[in-house]
Amino acid sequence: MSLKRKIALTLSISFSLLFGIVLIIVYASFNDFRKEEFRERFVRRLDFTTNFISKSKNFAEEAPIFFNENSDNILLNETILIFNSKKELIYSTIKDREVTWDKNLLKEVDRKKSIHIEKAFPEVYAALRNINGENYYILTSAFDTNGQSKLDYLKYLLITAYITSTLLIGFFSYYFMGRFLRPLEDLNNEISEVTAHKLTTQIPVEHSNDEISILARSFNTMIVRLNDVFQSQKDFTASASHEIRTPITRMAFQLENLIKLTQHSPETLSALKQMLKDVYQLSDLTNSLLLLTKFDKENIQSIYEEVRIDEVIFESFERVQKSYPNLKMDFLISENESEYAFLTIQGVQSLLDIVFINLLKNAAVYSNDSEVKVLITENDSQLIVDVISSGNTISKEEQPKLFEAFMRGSNSYNTSGSGLGLRIVKRILEYHKANISYRSVSDRDNFFTVEFRK
């Protein structure tokens, strides 16, 4: 998840939690206010009833007329029960059904003088009043229809406000975080353009002291240091390879002359020829390193050219055969894919020569019969080259490390080599966005498969 989304999500969640708590407090406060207001209405109704009883001359005759005329003035759907001092019902507004009440409620009224039961449905308010020297128990029950409807409306209003606000804060958080972090994204895009070929490129820095400008300045400082180190390493590799190549060429020339112009015993001649092979191998390795210093992975595509892979293979075979004259090659092109067989790829021929020189040289060194088979298979998306030789195979435990630097398998005992050839091959193929793999289908067959994407 991107930083922009993380910040927007964090802000949205934080706001939602805080806003939700505030809305719950508002809802709870309004509910308390509704209860208290309804209780005050009960008290006013009780005072109204008490005042009527105290002024009434004939309560039994006047009560029906009075309560009919004043019903629902204060409370909705109210029911009034009036008891005398003996707890006998003397008046009820209920006319169409049998009247029942809780006698324990009247006893509790004796103790507390007034009771408000909020959890009942409808709510009940009971009180003991002394009117004109007599005690009266007045029980009033009613529904807070008006207050409850307001509470329900407030609930829906708060829920709607919560959902709308959460969505809006999420949208605006993402939008404004995007604007605030836009300079950081621009910085990231500019950093991604910096490659080994563009280490001298400086990132534009605004004249401000914000965190992004400080980061850009620090990155530019780091780029300068990296460029110094990288250039020093590259110059050293190129200089060392160039300086080493001259004495190696002299050694090879002198050994060739020594072999041709002087008579030697068989043992001495064999040793000289082996030394000459080692010198050639060292020369090839030096040339490979010198070529690699001229290219990097990012800018190599700019010098791509159309290369015929069959020409590369034959040229590489001729160069290897100079050191290994007994090597034979069986070159094949798959007939099943002949309609796509243009045998061309985009690449750098000098580097591809190194690839197949190393693969063919491995076949010459490690094969039992000094014979290598090269099979080319081409379709509309790939060009595949199989280099097959017969000899000791690589164990399954060693195969994952085969293309690492200085890796030499158990089949290389008593065989000279640097352990860098396949590593250089893999690196060059990575430059060409190609893959190389190894497999052994039997105990004697070695398959190296190179896959080029077209």
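The notes below deal with the structure included here. (Residues numbered from 1 in each chain as written. Predicted model: local features only at pLDDT ≥ 70, side-chain atom pairs only at ≥ 80, totals over all residues. Heavy atoms only, no water.)

### Thoughts on the pairing of strand 3 (residues 114–117)
Link 1 in the chain: Examined bridge by bridge, strand 3 and strand 4 (residues 123–131) share four bridges and lie antiparallel to one another. When the sheet's bridge partners are listed, histidine 116 is paired in strand 4 with tyrosine 125.
Link 2 in the chain: Hairpin connection, strand 3 to strand 4: the antiparallel pair is bridged by five residues. (Pairing = 2+ DSSP bridges. Helix = DSSP H or I, 4+ residues; strand = E, 2+ residues; numbered from the N terminus.)

### Description of the packing of aromatic side chains
The description of an aromatic ring pair uses the distance of the two centres, along with the angle that the planes make with each other.
Link 1 in the chain: Scanning the entire structure with this criterion turns up eleven aromatic pairs.
Link 2 in the chain: Both rings, one in phenylalanine 15 and one in phenylalanine 19, keep their centres 5.3 Å apart while their planes meet at 10 degrees; by these two values the pair is stacked. Here phenylalanine 19 and phenylalanine 15 lie together in helix 1 (residues 3–55), a separation of four residues that amounts to about one turn.
Link 3 in the chain: Taken together, a centroid distance of 6.4 Å and an interplanar angle of 45 degrees make the contact between phenylalanine 30 and phenylalanine 33 tilted. Here phenylalanine 30 pairs with phenylalanine 33, and both are found in helix 1, just three residues apart, close to one helical turn.
Link 4 in the chain: A relative accessible area of 25% means that phenylalanine 30 is categorised as partly exposed.
Link 5 in the chain: The rings of Phe171, Phe172, Tyr175 and Phe176 are connected pair by pair, giving a single aromatic cluster.
Link 6 in the chain: The ring of phenylalanine 403 has lysine 426 lying over it, and the distance from NZ or CZ to the ring centre is 5.7 Å. (Phe/Tyr/Trp six-rings, centres within 6.5 Å; stacked < 30°, edge-to-face > 60°. Buried < 20%, exposed > 50% of the residue type's maximum accessible area, 1.4 Å probe, protein only. Lys NZ or Arg CZ within 6 Å of the ring centre and 35° of its normal.)

### A look at the packing of helix 9 (residues 349–366) against helix 10 (residues 421–431)
Link 1 in the chain: Two numbers describe how helix 9 lies on helix 10: the axes approach to 9 Å, and their chain directions differ by 145 degrees. In the packing of helix 9 onto helix 10, the handedness of the crossing is left-handed. Listed contacts from helix 10 to Leu351, Ile354, Val355, Asn358, Leu359 and Asn362 of helix 9 are Gly421, Leu422, Ile424, Val425, Ile428 and Leu429.
Link 2 in the chain: Each residue belonging to the contact of helix 9 with helix 10 can be placed in one class, and the counts come to nine nonpolar, three polar and no charged. (Axes fitted to C-alpha atoms, helices over the stretch in contact; angles between N-to-C directions. Left-handed = near helix turned anticlockwise from the far one by under 90°. Contact = heavy atoms within 4.5 Å. Nonpolar A, V, L, I, M, F, W, Y, C, P; charged D, E, K, R; others polar.)

### Description of the sheet that holds strand 7 (residues 328–333)
Link 1 in the chain: What the five strands build is an open sheet, ordered 7-9-10-12-11; its pairing is mixed. At either end of the open sheet lies a strand with only one pairing partner, and these are strand 7 and strand 11 (435–439). Ignoring strand direction, the axes of neighbouring strands in this sheet form an average angle of 15 degrees.
Link 2 in the chain: Along the sheet face, helix 8 (residues 309–323) touches strand 7, strand 9 (367–378), strand 10 (382–391) and strand 12 (445–453) and points at about 175 degrees away from the line of strand 7.

### Focus: the environment of proline 325
Link 1 in the chain: In this fold, proline 325 is placed in the loop between helix 8 and strand 7.
Link 2 in the chain: Residue proline 325 is classed as exposed on the basis of its relative accessible area, which comes to 58%.
Link 3 in the chain: For the pair proline 325 and alanine 364, spaced 39 residues apart in sequence, the C-alpha to C-alpha distance is 9.5 Å.

### Quick notes on the side chain of glutamate 123
Link 1 in the chain: Of note, glutamate 123 is situated in strand 4.
Link 2 in the chain: With a relative accessible area of 9%, glutamate 123 lands in the buried category.
Link 3 in the chain: A distance of 3.1 Å separates a polar atom in the side chain of glutamate 123 from a polar atom in the side chain of histidine 116.
Link 4 in the chain: Excluding anything up to four places from it in sequence, glutamate 123 contacts Arg34, Phe38, Phe42, His116, Ile117, Glu118, Thr140, Ser141 and Ala142. (Polar contact = N/O pair within 3.5 Å; in protein donor to acceptor, adjacent residues only side chain to side chain.)

### Comments concerning the nonpolar core
Link 1 in the chain: Counting residues in hydrophobic clusters, the biggest one holds 44 residues, and the most contacted among them are Ile309, Phe356, Leu359, Val385, Phe448 and Phe452.
Link 2 in the chain: Contributing elements (two or more residues each) for this core: helix 8, helix 9, strand 9, strand 10, helix 10, strand 11 and strand 12.
Link 3 in the chain: The greatest single-element share of this core, amounting to ten residues, is contributed by helix 9.
Link 4 in the chain: When neighbours within four sequence positions are excluded, phenylalanine 448 is seen to be in contact with Leu359, Val385, Asp386, Val387, Leu402, Phe403, Leu422, Ile436, Ser437 and Tyr438.
Link 5 in the chain: In terms of nonpolar packing, the next biggest core, distinct from the first, is built from 14 residues, Phe38, Phe42, Phe52 and Ala142 among them. (Core = buried A, V, L, I, M, F, W, Y, C linked by side-chain atoms within 4.5 Å.)

### Focus on the packing of helix 8 against helix 9
Think of two packed helices as two axes; the pair is described by the angle between the axes and how far apart they sit.
Link 1 in the chain: Two numbers describe how helix 8 lies on helix 9: the axes approach to 8 Å, and their chain directions differ by 55 degrees. Judged by the angle between their axes, helix 8 and helix 9 are oblique. The hand of the helix 8/helix 9 crossing is right-handed. Here Ile309, Val312, Ile313, Glu315, Ser316, Phe317, Arg319 and Val320 of helix 8 come into contact with helix 9, specifically with Gln349, Leu352, Asp353, Phe356, Ile357, Leu360 and Lys361.
Link 2 in the chain: Class assignment of the residues belonging to the contact of helix 8 with helix 9 gives a composition of nine nonpolar, two polar and four charged. (Parallel < 35°, antiparallel > 145°, perpendicular 65-115°, else oblique.)

### As for the pattern of salt bridges
Link 1 in the chain: Within the structure shown, the criterion is met by five salt bridges.
Link 2 in the chain: Measuring nitrogen to oxygen at the nearest pair gives 3.0 Å for the salt bridge that ties glutamate 108 to lysine 112. Pair noted here: glutamate 108 and lysine 112 are both in helix 3 (residues 103–112), with a separation of four residues, about one helical turn.
Link 3 in the chain: Residue classification places glutamate 108 among the partly exposed residues on the basis of a relative accessible area of 23%.
Link 4 in the chain: One salt bridge in this structure joins aspartate 310 and arginine 308, with 2.9 Å as the shortest N-O distance.
Link 5 in the chain: Judged by its relative accessible area of 13%, aspartate 310 falls in the buried class.
Link 6 in the chain: Connected through salt bridges with shared partners, the residues Arg308, Asp310 and Glu311 form a single ionic network. (Salt bridge = Lys/Arg side-chain N within 4 Å of Asp/Glu carboxyl O.)

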